[in-house]
Amino acid sequence: MHYIALLIVALIPLAGYADDIDADKLFREGNAAYQAGDFSAALQKYRLLDSLGYQSGALYYNLGNAYYKLGTIGYAILYYEKARRLMPNDEDVLANLELAQFRTKDRVPPMPPLFLDALTVRVLDFFSLTGAAAGLLVSFYLFVAILIAHMRQLLPHRTVLLVGFYLTLTLTVLFSVVFAAKAYSDASRSDAIVLAPVLHLKSEPREEGKTIFIIHEGLKVSVLRQAGEWREVRLPNGEKGWVRASELGMI
């Protein structure tokens, strides 16, 4: 199940000094180490790319695989979640994420979502931001092409024109809504993975606070606010508490 991704799709450097790095070569070296069973060496290569600001679903997926092989479940889930945001429908990412989640200790039942909220989440999770943008561009260009064809009288049949016009217009509007909603959701979402083996959820942002819940690595939480080095988080069941930021990995 833990296959590595052999190609980098849209591997984008976010830091200027990363331009001197041969990312493809480093990625292939990481893959070679992984295939040879040297997961620590593979992880070192992948982490270097990650630390330099490179991002891609393939890189995050391979990071998740390397961490999983080394038994570091919290980090494995963190990077599978990062990969899922860029490749929401990739079967290997989803399967490996589920497999890693089976190895976590916590079974916190989530609060049942409202029907409309659940439907919105499913629709947005189906698209990546790149996919929504591509759908918007394609539908818009088709809409413009039909208008140009009509002005040049290349579509003499009025029925064909009307069907094409309304279809492409509808798709453009729908993809515009999905893209805007996806962009807002990604920007406002503050989910994190617990990285500490055992984490005490505090009633207030200080070490002396009362422990109200004990959670373990790999659990996904929502970050609500911050106070210095502390973060208030919400568990899937709605419980809230404070933890140190260093004990979380932001997705």
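See above for the structure.
Let me begin by describing the structure that accompanies this report. Treat the numbers as computed from the prediction; the structure is a model and nothing was measured. (Residues numbered from 1 in each chain as written. Predicted model: local features only at pLDDT ≥ 70, side-chain atom pairs only at ≥ 80, totals over all residues. Heavy atoms only, no water.)

Right, let's talk about the packing of helix α3 (residues 57-69) against helix α4 (residues 73-86) for a bit. To characterise two packed helices, one gives the angle between the axes of the helices and the distance between these axes. As a packed pair, α3 and α4 sit with axes 7 Å apart at the nearest point and diverge in direction by 160 degrees. The orientation of α3 with respect to α4, classified from their angle, is roughly antiparallel. Like other packed secondary-structure pairs, α3 and α4 cross with a definite hand, here left-handed. From α3, Gly57, Tyr60, Tyr61, Leu63, Gly64, Asn65, Tyr67 and Tyr68 reach across to α4, where they touch Ile73, Tyr75, Ala76, Tyr79, Tyr80, Lys82, Ala83 and Leu86. Of the residues belonging to the contact of α3 with α4, the class tally is twelve nonpolar, three polar and one charged. (Axes fitted to C-alpha atoms, helices over the stretch in contact; angles between N-to-C directions. Helix = DSSP H or I, 4+ residues; strand = E, 2+ residues; numbered from the N terminus. Parallel < 35°, antiparallel > 145°, perpendicular 65-115°, else oblique. Left-handed = near helix turned anticlockwise from the far one by under 90°. Contact = heavy atoms within 4.5 Å. Nonpolar A, V, L, I, M, F, W, Y, C, P; charged D, E, K, R; others polar.)

All chains considered together, the criterion is met by ten salt bridges. The partner of Arg244 in a salt bridge is Glu229, and the shortest N-O contact between them spans 2.5 Å. Taken as a pair, Arg244 in strand β6 (residues 240-244) and Glu229 in the loop between β4 (220-227) and β5 (230-234) lie far apart in primary sequence, 15 residues in all. What makes Arg244 partly exposed here is its relative accessible area of 23%. (Salt bridge = Lys/Arg side-chain N within 4 Å of Asp/Glu carboxyl O. Buried < 20%, exposed > 50% of the residue type's maximum accessible area, 1.4 Å probe, protein only.)

Tallied over the full model, the rule gives nine aromatic pairs. Between Tyr34 and Phe39, the ring centres sit 5.1 Å apart and the planes meet at 65 degrees, which makes this aromatic pair edge-to-face. For Tyr34, a relative accessible area of 7% puts it in the buried group. Judged by centre distance (5.0 Å) and plane angle (20 degrees), the rings of Tyr67 and Tyr75 are stacked. (Phe/Tyr/Trp six-rings, centres within 6.5 Å; stacked < 30°, edge-to-face > 60°.)

Our next topic: the nonpolar core. Here is a general trend for soluble globular proteins: nonpolar side chains tend to be buried in one another's company. Tyr46, Leu49, Leu59, Leu63 and Tyr80 are the most contacted members of the largest nonpolar core, which has 34 residues in total. Those elements giving two or more residues to this core turn out to be α1 (23-35), α2 (39-51), α3, α4 and α5 (91-101). Of all the elements, α3 adds the most residues to this core, at eight residues. Setting aside chain neighbours within four positions, we find Tyr80 in contact with His2, Tyr61, Gly64, Asn65, Tyr68, Val93, Asn96, Leu97 and Ala100. (Core = buried A, V, L, I, M, F, W, Y, C linked by side-chain atoms within 4.5 Å.)

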